[in-house]
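Residues per chain are reported as follows:
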Amino acid sequence: MGLFYSNAHILKTEDFGKEAFLSVLNDGLKAQGFQPAASRESADLTVSLFDAGGKWLTIWSDGIVFYDDGAIRDVCRPLSERLSTDVVTVSCFDSDMLVLNRINQRQGIEAWAKVGQDPDVRIRSTPAKWKGLVDNVDAWKAALKKRQVFAEEAMEDLEPMLGLEPGQGRLCDDLIPDELADKVSNLYYSLSAAEKDNDLPRLTISQSSLMPCPMGESTFITAVNNGGASKGLTVAFSGSYVEKEEIRFRDVQLEWGFNEPLRKIIPLELEKRQGRDGRWFYAADIKDFAIPEGVKKGLPPIKAQWEEFYRSFGLRFTPEGNPRKRLDIMVHFVPSKNNEGQCAWAVWLHSGSKRAYIEMFNRIMAKHYGELDPDDFDMDE
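Basis of the calculations
Residues numbered from 1 in each chain as written. Predicted model: local features only at pLDDT ≥ 70, side-chain atom pairs only at ≥ 80, totals over all residues. Heavy atoms only, no water. Helix = DSSP H or I, 4+ residues; strand = E, 2+ residues; numbered from the N terminus. Buried < 20%, exposed > 50% of the residue type's maximum accessible area, 1.4 Å probe, protein only. Phe/Tyr/Trp six-rings, centres within 6.5 Å; stacked < 30°, edge-to-face > 60°. Disulfide = S-S within 2.5 Å. Core = buried A, V, L, I, M, F, W, Y, C linked by side-chain atoms within 4.5 Å. Contact = heavy atoms within 4.5 Å.

Draft legend 1. Region of the structure containing unusual backbone geometry. The phi torsion at Ser-84 lies on the positive side, around 50°, for a residue other than glycine. Here Ser-84 is to be found in the loop between helix H2 (69-83) and strand E5 (87-93). One non-glycine residue, Asp-251, adopts positive backbone phi at about 50°. By secondary structure assignment, the location of Asp-251 is in strand E12 (residues 247-256). Residue Asp-251 is classed as partly exposed on the basis of its relative accessible area of 47%.

As structure tokens, then:
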């Protein structure tokens with residue numbers, strides 16, 4: 001897996017001042033619902049600043065991708081306009097593609113530069129528009145065309161042309177050399193509290209498998225809360241296989257804490273139970289499990305995505321038994337304080353039926369995994 005990062009660089013001028021910069025930055029984030037916070041613990045967004053006394057001030061964030069139209073509109077253009085200077089963004093996509101954007105609002109300049117390819121990013125380089133910021137446009141154009149093993153390696157040639165310090169164009173939280181660490185400071189912002197639709201927990205499946213559960217092998221399904229924090233969780237397996245125990249489950253465990261060095265694990269012992277409707281299921285209660293509250297509405301997409309991952313929790317299990325019953329396996333996450341807030345997963349659920357699922361699988365995934373034969377499964381629905 002390659003590198004993903006995004007940062008922005010503000011060219012200092014004689015009139016450039018830290019207070020003016022912070023004023024513009026705060027105004028841009030305020031328009032998105034953020035206000036300065038006192039500490040990392042109370043923050044929903046972090047903005048990091050790198051200033052080694054050179055020509056450029058560099059910023060990056062755990063929630064802002066600077067190639068995004070919203071960031072260019074709300075952050076980059078206002079910085080260029082009110083500080084009367086150039087703002088250059090550098091973004092790397094899985095080490096396959098590097099994209100630079102130059103904005104100078106007073107001069108009416110918006111330029112792009114690209115190294116490598118990414119099928120989801122349609123950008124054309126405009127090297128002539130970098131004139132005035134780089135001294136030698138021909139050398140700039142040649143550096144963009146130079147073949148690279150990893151796209152970010154192009155910054156070794158591009159940084160000195162822009163007047164960036166070595167490594168400055170590649171800075172982000174995961175790429176701070178030790179010799180530059182003391183030049184980094186952090187600003188913290190919190191999102192204004194939004195009205196809660198419902199304080200009760202409401203769970204949804206966040207990560208699941210598109211394959212039928214393999215017998216004798218581990219499957220992992222995760223859920224996340226979209227409502228209020230709560231305590232107590234029941235996990236359950238339902239299906240036609242339970243009554244006669246045609247499928248049993250071993251190595252069942254609840255996992256969470258995905259942002260910690262070691263994830264937390266609770267081994268579970270399943271109990272066979274019968275519901276009021278007469279159907280049988282396997283279940284385990286985790287009475288003391290603290291269900292994290294849902295992610296705040298209004299967070300930038302990349303920040304919300306990471307927060308959802310950090311707050312999710314999952315069930316790992318290994319099924320054993322009759323392989324014809326694999327499509328019957330349904331997993332339930334039920335919050336103790338809101339039965340209606342439960343969620344469920346079965347591999348065919350989004351397709352509407354087992355037969356529709358097999359048709360979808362064979363149409364889209366068979367070339368990678370081989371076709372599924374309906375005759376290999378109990379298709380009673």
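What follows picks up the thread again.
Draft legend 2. Looking closely at the packing of aromatic side chains. Under the criterion given, the structure shown has 16 aromatic pairs. Taking 5.0 Å as the distance between ring centres and 80° as the angle between the ring planes, the aromatic pair formed by Phe-237 and Phe-317 counts as edge-to-face. A residue pair is termed long-range when its members are at least 10 positions apart, and Phe-237 in strand E11 (residues 230-238) and Phe-317 in strand E16 (residues 313-321) qualify at 80 residues. Each of the two residues, Phe-237 as well as Phe-317, counts as buried.

Draft legend 3. Spotlight on the state of the cysteines. Counted under the stated rule, the structure contains zero disulfides. Note on Cys-76: no disulfide assigned, nearest cysteine sulfur contributed by Cys-172 at a separation of 16 Å. Cysteine Cys-92 shares no disulfide, and the gap to the nearest cysteine sulfur, in Cys-172, comes to 9.3 Å.

Draft legend 4. The nonpolar core, seen in detail. Formed by 39 residues in total, the largest nonpolar core has its most connected members in Leu-233, Phe-237, Phe-249, Phe-313, Leu-315, Phe-317 and Phe-333. Here this core takes five residues from strand E15 (residues 280-291), the largest share from any one element. Once you skip the residues sitting within four places of it in the chain, Phe-249 turns out to touch Phe-237, Tyr-241, Leu-270, Tyr-282, Phe-317, Thr-318, Pro-319 and Ile-329. Within the second largest apolar cluster, 32 residues are counted, among which are Leu-25, Leu-45, Leu-79 and Leu-83.

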